[in-house]
Amino acid sequence: MQTTTNFQTLTIQLSAEDSDRLLAEAKRRRIDANSLAEMLLHDSLTELKPVSAADIAYLEKLYTLREKIEILEFLETYQFLIPILLEAPDKICYYFPEAQLFLECVTDPEGIDDDMLELAICMNLDPDEAVEKLNKFQDDWWLNLSDKIRQPLCPILEYPHDF
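Remember, predicted model here, so these are calculated numbers, not experimental data.

A.B. asks: I would appreciate a short explanation of the overall build of the protein chain in the present structure.
C.D. replies: A tally of helices and strands in the protein chain yields 7 helices and 6 strands. Element order for the protein chain, N to C, with α for helix and β for strand: β-β-α-α-α-β-α-α-β-β-α-α-β. Residues classed as buried in the protein chain amount to 30% of the 163 residues present. Sequence-distant contacts in the protein chain: of pairs separated by 6 or more residues, those separated by 24 or more amount to 61%. Approximately 11,300 Å² of the protein chain is accessible, and the part contributed by carbon and sulfur atoms is 51%.

Pasting the structure below:
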């Protein structure tokens, strides 16, 4: 990033699809694509708000938060996950009605991203049955979510004796 007076230059690489959308929208508005990108970035950054106390309280009713401070810092960056985290327990309960749910920030074991949020489904099912139910959950709901959501959030199976 280069600093010039009070401005900084930032280069962002877009997918071909996003680039096409940006160019089409810029043409529709009759402005250049760089100006539109700056406006959209500014708008999205000014809309960022801290995670609300109500959301935190509700998340704490649905999940056990392991390392709460880390999770809240993570959710400040990935606020778009909050509606999914609020919806997920109902979806998970259909497949794992007796499960306890935990959230934990972990370092991505594949090294793709620095951190990710694990949604641990803690249950006592036979391992084959548990994997079958997880696969069904993923096929029916999880895989229908966008990559943007699935990349920083990972559902895993866990047994009570694991902790």
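We are not done yet, so read on.
A.B. asks: Can you help me understand a nonpolar patch on the surface in this one?
C.D. replies: On the surface, L10, I12, L14 and L41 cluster together into a nonpolar patch covering about 360 Å² of accessible area. Residue L41 is classed as partly exposed on the basis of its relative accessible area of 37%.

A.B. asks: Help me out: how do you make sense of the pattern of salt bridges in this one?
C.D. replies: Close approach of charged atoms lets side chains of opposite charge pair. For the structure on display, the rule yields 10 salt bridges. Where E25 meets R28, a salt bridge forms, and the shortest distance between an N and an O atom there is 2.5 Å. Taken as a pair, E25 and R28 lie in helix α1 (residues 16-29) at a separation of 3 residues, close to a single helical turn. The closest approach of N and O atoms between E60 and K68, which form a salt bridge, is 2.9 Å. Exposure remark for E60: the relative accessible area of 37% places this residue in the partly exposed category. The exposure class assigned to K68 is partly exposed, which follows from its relative accessible area of 34%. In this structure, a network of salt bridges that share partners links the residues E25, R28 and R29.

A.B. asks: Before we go on, may I ask you to explain the packing of aromatic side chains in this structure?
C.D. replies: The geometry of two aromatic rings is summed up by the distance between their centres and the angle between their planes. This structure, assessed with the given rule, holds 6 aromatic pairs. Each ring, one from F137 and one from W141, has its centre 5.7 Å from the other, and the planes form 40 degrees; the classification is tilted. Among the residues examined, W141 registers a relative accessible area of 11% and is labelled buried. The rings of Y94, Y95, F137, W141 and W142 are connected pair by pair, giving a single aromatic cluster. In this structure, R66 is placed above the aromatic ring of F102, and the distance from its NZ or CZ to the ring centre is 4.1 Å. Sitting above the plane of the F80 ring, K148 keeps its charged end 4.6 Å from the centroid.

A.B. asks: Where do I start with the side chain of E118 in this structure?
C.D. replies: Assignment of secondary structure puts E118 in strand β5 (residues 115-122). Setting aside its immediate chain neighbours within four residues, E118 contacts F102, L103, E104, V106, C154 and I156.

A.B. asks: Just to check I follow, could you spell out a negative patch on the surface for this structure?
C.D. replies: A cluster of acidic residues, E67, E70, E73, E76, D114 and D115, forms a negative patch at the surface. Along the chain, E73 turns up in helix α4 (residues 68-77).

Parameters and conventions
Residues numbered from 1 in each chain as written. Predicted model: local features only at pLDDT ≥ 70, side-chain atom pairs only at ≥ 80, totals over all residues. Heavy atoms only, no water. Helix = DSSP H or I, 4+ residues; strand = E, 2+ residues; numbered from the N terminus. Buried < 20%, exposed > 50% of the residue type's maximum accessible area, 1.4 Å probe, protein only. Contact = heavy atoms within 4.5 Å. Areas by Shrake-Rupley, 256 points an atom, 1.4 Å probe, with all protein chains shown as cover. Patch = residues over 30% accessible without salt bridge, like charges linked within 9 Å, V, L, I, M, F, W, Y side chains within 5 Å. Salt bridge = Lys/Arg side-chain N within 4 Å of Asp/Glu carboxyl O. Phe/Tyr/Trp six-rings, centres within 6.5 Å; stacked < 30°, edge-to-face > 60°. Lys NZ or Arg CZ within 6 Å of the ring centre and 35° of its normal. Lys, Arg positive; Asp, Glu negative; His and termini not counted. Charge placed at Lys NZ, Arg CZ, Asp CG, Glu CD.

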